[in-house]
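What follows is the residue order along each chain.
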Amino acid sequence: MPKSYGQKLKILYLAQLLLERSDETHPITTREMIDYLDTLGIHAERKSIYDDMRALQDFGMDIISISEKPGGYYLASRQFELAELKLLVDAVQASRFITTKKSRQLIRKLEALTCKQEAVQLHRQVVVAERGKSSNEQIYYNVDEIYAAMAADRNIRFQYFEWSLQKEMVPRKNGAYYEVSPWLLTWEDENYYLIAYDNQSDILKYYRVDKMLHPSVSENARSGKAVFEALDIAGFAKKTFGMFAGDETTVVLECDASLTGVMIDRFGLNVSLRPAKEGRIRVRASVAVSRQFFGWLTGLGNSIRIISPADTRTAYINYLGSILDGYPSDEEASP
């Protein structure tokens with residue numbers, strides 16, 4: 001490259017070198033910088049390197065100079081610390097709505113935010129196994145279209161699929177398009193959901209973003225603002241199980257005291273707790289009564305039971321009975 005043009009790029013290459021290869025245990029010497037620039041066809045002298053380091057420090061880069069031999073420079077702080085990047089990598093890996101392919105792409109981009117030596121530590125955490133990850137590669141496009149619709153105050157149109165026995169994505173309603181008013185994207189139970197107002201039923205509904213196909217912004221204006229603004233998002237997350245709606249009911253549960261932490265994790269610090277008989281506590285909480293709520297209770301076994309209301313208690317007993325009824329006797333189960 002022309003000499004004058006190369007000199008203009010010199011300080012940018014040095015900044016990139018420090019970003020990608022330096023840290024506290026891997027300082028870069030002046031000699032190494034000169035040799036690196038030489039591979040790019042840029043001539044540099046020690047004095048110009050010193051001037052460039054001071055210029056980058058004045059610009060705001062936290063560059064530390066080491067006086068002890070062999071000396072050198074390293075970037076002491078970055079926009080993201082290693083621990084923060086590890087946290088982001090873990091979040092990407094745990095996100096079921098992000099496909100395996102997209103997970104790997106995002107993690108590679110996160111690795112680029114630190115030096116190569118520290119990026120190895122992030123890479124060692126990358127275990128994106130073939131677990132319950134989404135297979136819809138259009139997830140990013142779906143999110144963009146939803147945000148575009150919200151920004152334009154318009155409805156969103158899309159097809160919604162379910163899985164067939166052949167593991168194929170089959171659109172619901174014979175491929176008919178849904179049209180709803182999008183109001184919020186939320187992350188719940190490791191999945192990404194759209195909370196939207198359905199004008200026909202006059203209620204808010206919830207759609208898995210990774211199950212949406214061919215989304216597009218509608219010409220029709222959004223509606224349901226008052227319904228959405230009346231929704232307590234924080235409270236909603238505590239009341240619902242698996243984003244399945246149900247009749248909101250205040251229930252009283254009695255459980256082993258050892259489940260105190262489980263109750264707080266599920267219903268929040270403001271949940272009403274009081275001691276019951278020895279070794280037991282009573283919990284008062286507002287929940288959306290659904291099969292998913294009953295399934296959560298079942299998972300806790302006989303360490304928890306519904307005290308009231310009576311109709312919810314009866315519905316749970318009937319739910320458990322229907323499960324038992326679904327299992328034939330040993331004679332009937334024999335092939």
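You'll find the structure just up there.
Residues numbered from 1 in each chain as written. Predicted model: local features only at pLDDT ≥ 70, side-chain atom pairs only at ≥ 80, totals over all residues. Heavy atoms only, no water.

Asker: Explanation requested: the pairing of strand E10 (residues 272-275) in the structure shown.
Answerer: If a strand is regular, its side chains alternate between the two faces of the sheet. Relative to strand E11 (residues 280-289), E10 is paired through four bridges, and the arrangement is antiparallel. Counted as the bridge partner of Arg274 is Arg282 from E11. Taken together, E10 and the strand that follows it, E11, pair antiparallel across an intervening segment of four residues, in which Gly279 is found at a positive phi of about 80 degrees. (Pairing = 2+ DSSP bridges. Helix = DSSP H or I, 4+ residues; strand = E, 2+ residues; numbered from the N terminus.)

Asker: Explanation requested: the nonpolar core in the structure shown.
Answerer: Side chains of a nonpolar character, in soluble globular proteins, are inclined to be buried together. By size, the foremost hydrophobic cluster in this structure holds 20 residues, and its most contacted members are Leu253, Met263, Phe267, Val283, Phe293, Trp296 and Leu297. Looking at this core, the elements with two or more residues in it are strand E9 (247-256), helix H10 (260-267), E11, helix H11 (291-299) and strand E12 (304-308). Those residues within four positions of Val283 in sequence are excluded, and the remaining contacts are Val251, Val252, Leu253, Cys255, Met263, Phe267, Val271, Ser272 and Leu273. By size, the runner-up hydrophobic cluster in this structure holds 19 residues, among which are Phe97, Ile139, Leu185 and Tyr192. (Core = buried A, V, L, I, M, F, W, Y, C linked by side-chain atoms within 4.5 Å. Buried < 20%, exposed > 50% of the residue type's maximum accessible area, 1.4 Å probe, protein only. Contact = heavy atoms within 4.5 Å.)

Asker: Please clarify how H11 should be interpreted in this entry.
Answerer: In an α-helix, one full turn covers 3.6 residues, which means residues spaced three or four apart are oriented alike. All of the buried residues in H11 are Phe293, Phe294, Trp296 and Leu297. Axial view of H11: buried residues confined to an arc of 155 degrees, hence all on one face. For H11, exposure combined with an orientation more than 90 degrees from the buried face picks out Arg291 and Gly299. On the buried face of H11, the contacting elements are E9, H10, E11, E12 and helix H12 (310-325). Following H11 by one or two positions, Gly301 has its phi on the positive side, about 65 degrees. (Arc of directions from axis to C-beta.)

Asker: Looking at this model, I keep getting lost on the pattern of salt bridges. Mind explaining?
Answerer: If charged atoms from side chains of opposite charge come close, those side chains can pair. Counted according to the given criterion, the structure contains 14 salt bridges. Three or more residues joined by partner-sharing salt bridges are found here, namely Glu254, Asp256, Arg280, Arg282 and Arg305. (Salt bridge = Lys/Arg side-chain N within 4 Å of Asp/Glu carboxyl O.)

Asker: Where do I start with the packing of helix H4 (residues 82-94) against helix H5 (residues 100-111) in this structure?
Answerer: Packed helices, taken two at a time, are described by the angle their axes make and the gap between the axes. Running from N to C, H4 and H5 point in directions that differ by 175 degrees, and their axes come no closer than 10 Å. When the interaxial angle is binned, H4 and H5 end up roughly antiparallel. The residues of H5 that touch H4, namely those facing Leu85, Leu88, Val89, Val92 and Gln93, are Ser103, Leu106, Ile107 and Leu110. Looking at the contact of H4 with H5 residue by residue, the classes come out as seven nonpolar, two polar and no charged. (Axes fitted to C-alpha atoms, helices over the stretch in contact; angles between N-to-C directions. Parallel < 35°, antiparallel > 145°, perpendicular 65-115°, else oblique. Nonpolar A, V, L, I, M, F, W, Y, C, P; charged D, E, K, R; others polar.)

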